[in-house]
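Analysis of the macromolecular model
The chain contents come next:
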Amino acid sequence: AIVISLLGKALNDSERNVRVTAAQALGQAGVNNDVPQDVIDALVEALKDVDEDVRGNAALALGDVAHEEDVAQIVVSRLVVALKDGEKSVRARAAWAIVVVASRR
């Protein structure tokens, strides 16, 4: 849980590569672990990052961490907004993340 919280804080780092990697790592860690609400909130905020890779990895990570029904509903609503992103790669990742969440239902 400490590592996941630290990764959540890294989503606000000034370095793009740190944010990209943190989002990716949170997705991998979130597959088999509970993720605190503040980290989910940070991933949702990362959907607004200036960098498309950060936004895309945040979308994928959200799909991986949305285990609980109430969290899944919130995450999917945010991912639906990401489907309107200006970058095709972000839209594609958001769509995939929605499929991942839906496959658990």
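Now for a description of the structure that goes with this document. (Residues numbered from 1 in each chain as written. Predicted model: local features only at pLDDT ≥ 70, side-chain atom pairs only at ≥ 80, totals over all residues. Heavy atoms only, no water.)

**Section: the pattern of salt bridges**
If charged atoms from side chains of opposite charge come close, those side chains can pair. The tally for this structure, following the rule as stated, stands at 6 salt bridges. Note that Asp 51 is salt-bridged to Arg 16, the shortest N-O span being 2.7 Å. Taken together, the residues span a long stretch of sequence, with Asp 51 in the loop between helix 3 (37–46) and helix 4 (52–65) and Arg 16 in helix 2 (residues 16–30) at a distance of 35 residues. Between Arg 16 and Asp 53 there is a salt bridge whose closest N-O contact spans 2.5 Å. Of this pair, Arg 16 sits in helix 2 while Asp 53 is found in helix 4, placing the two residues 37 residues apart along the sequence. Relative accessible area serves as the criterion here: at 31%, Arg 16 is assigned to the partly exposed category. Judged by its relative accessible area of 24%, Asp 53 falls in the partly exposed class. In this structure, a network of salt bridges that share partners links the residues Arg 16, Asp 51, Asp 53 and Arg 93. (Salt bridge = Lys/Arg side-chain N within 4 Å of Asp/Glu carboxyl O. Helix = DSSP H or I, 4+ residues; strand = E, 2+ residues; numbered from the N terminus. Buried < 20%, exposed > 50% of the residue type's maximum accessible area, 1.4 Å probe, protein only.)

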